[in-house]
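# Observations on the model geometry
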Amino acid sequence: MAYKDASSSYKETRIKTAGQGQLIVMLYDEAVRQLSKAIELLEANKGDKKDPGRIELISKSVMKTEEIITELMISLDFEQGGEIAKHLFSLYTWFNRELLESNITQDTERMTAVKNMLSDLRNTWNSISQMTVEQPNREAAGINIAG
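Below is a summary of the structure that appears in this document. Please read these numbers as outputs of a predicted model, since none were measured by experiment.

## Remarks on the overall build of the protein
Scanning the protein for helices and strands turns up five helices and zero strands. The order of helices and strands in the protein, counted from the N terminus, is α-α-α-α-α. Split into buried and exposed, the 147 residues of the protein put 34% on the buried side. Taking all contacts inside the protein whose residues are at least 6 apart in sequence as the whole, residues at least 24 apart take part in 72%. Roughly 9,300 Å² of accessible area belongs to the protein as shown, and the carbon and sulfur atoms make up 54% of that amount.

## Some details on the layout of surface pockets
Here the largest pocket defines a volume of roughly 500 Å³. In terms of lining, the largest pocket is formed by 20 residues, of which the most central are Gln-20, Ile-24, Ser-75, Asp-77 and Trp-125. Every element with two or more residues in the lining of the largest pocket is listed here: helix 2 (20-44), helix 4 (78-105) and helix 5 (108-131). It is helix 4 that contributes the most residues to the lining of the largest pocket, six residues altogether. Of the residues assigned to the lining of the largest pocket, the class counts are 10 nonpolar, eight polar and two charged.

## Side note on the pattern of salt bridges
Pairing between side chains of opposite charge can happen when their charged atoms approach one another. Counted under the stated rule, the structure contains six salt bridges. Between Glu-30 and Arg-33 there is a salt bridge, with its nearest N and O atoms 2.8 Å apart. Of this pair, Glu-30 and Arg-33 both sit in helix 2, separated by three residues, roughly a single helical turn. The shortest N-O distance in the salt bridge between Glu-83 and Lys-86 comes to 3.6 Å. Taken together, the residues Glu-83 and Lys-86, both in helix 4 and three residues apart, mark about one turn of the helix.

## A few points about the packing of helix 2 against helix 3 (residues 52-74)
Running from N to C, helix 2 and helix 3 cross one another at 160°; their axes reach a closest spacing of 9 Å. What the angle tells us is that helix 2 and helix 3 run roughly antiparallel. For helix 2 against helix 3, the interelement crossing comes out left-handed. Contact residues: Ile-24, Leu-27, Tyr-28, Glu-30, Ala-31, Gln-34, Leu-35, Lys-37, Ala-38, Leu-41, Leu-42 and Ala-44 in helix 2; Arg-54, Leu-57, Ile-58, Ser-61, Val-62, Lys-64, Thr-65, Ile-68, Glu-71 and Leu-72 in helix 3.

## A look at the side chain of Thr-108
Along the chain, Thr-108 turns up in helix 5. Residue Thr-108 is classed as buried on the basis of its relative accessible area, which comes to 9%. Thr-108 has contacts with Ile-39, Leu-42, Glu-43 and Lys-46, leaving out every residue within four places of it along the chain.

## Focus on unusual backbone geometry
A positive phi angle, near 60°, is found at Gln-106, a position not held by glycine. Within the secondary structure, Gln-106 sits in the loop between helix 4 and helix 5.

Rules behind the numbers
Residues numbered from 1 in each chain as written. Predicted model: local features only at pLDDT ≥ 70, side-chain atom pairs only at ≥ 80, totals over all residues. Heavy atoms only, no water. Helix = DSSP H or I, 4+ residues; strand = E, 2+ residues; numbered from the N terminus. Buried < 20%, exposed > 50% of the residue type's maximum accessible area, 1.4 Å probe, protein only. Contact = heavy atoms within 4.5 Å. Areas by Shrake-Rupley, 256 points an atom, 1.4 Å probe, with all protein chains shown as cover. 1 Å grid on protein atoms, 1.4 Å probe; cavity = no way out; pocket = protein on both sides within 12 Å on 5 of 7 lines; lining within 4 Å. Points joined across faces, edges and corners; volume = space filled by probe spheres on them. Nonpolar A, V, L, I, M, F, W, Y, C, P; charged D, E, K, R; others polar. Salt bridge = Lys/Arg side-chain N within 4 Å of Asp/Glu carboxyl O. Axes fitted to C-alpha atoms, helices over the stretch in contact; angles between N-to-C directions. Parallel < 35°, antiparallel > 145°, perpendicular 65-115°, else oblique. Left-handed = near helix turned anticlockwise from the far one by under 90°.

Nothing here speaks to function; it is all geometry.
Structure, rendered in structure tokens:
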């Protein structure tokens, strides 16, 4: 129990002291992690190994990813971001639509495609955030990625 409290405390401190770019990278990290978990569970649920309990876990992971993507949508600054923000908004909308459909149809290919694109965006944001000097986040609002 003490380990879980320490881990949760560490994550919370890390989030509160992160800059905006680092927070975005953390959101992408969690989205990729959740989708990887859903894909792994879905693969394990194929064939003779079907377990109805896994369906709920798969759905929760996909829905958590959708929540994270929605948080990324909300964080877009259309005034400063211009065309890039508009394109990201469209991409995030497509991600959520694909995830909704792939969750219903249990389609790992569609989930994997979204996961790969999220991973690419994560790597891009990580490169950008490492090149810029950021001020620590004063107040983390929105989705709780600490656990």
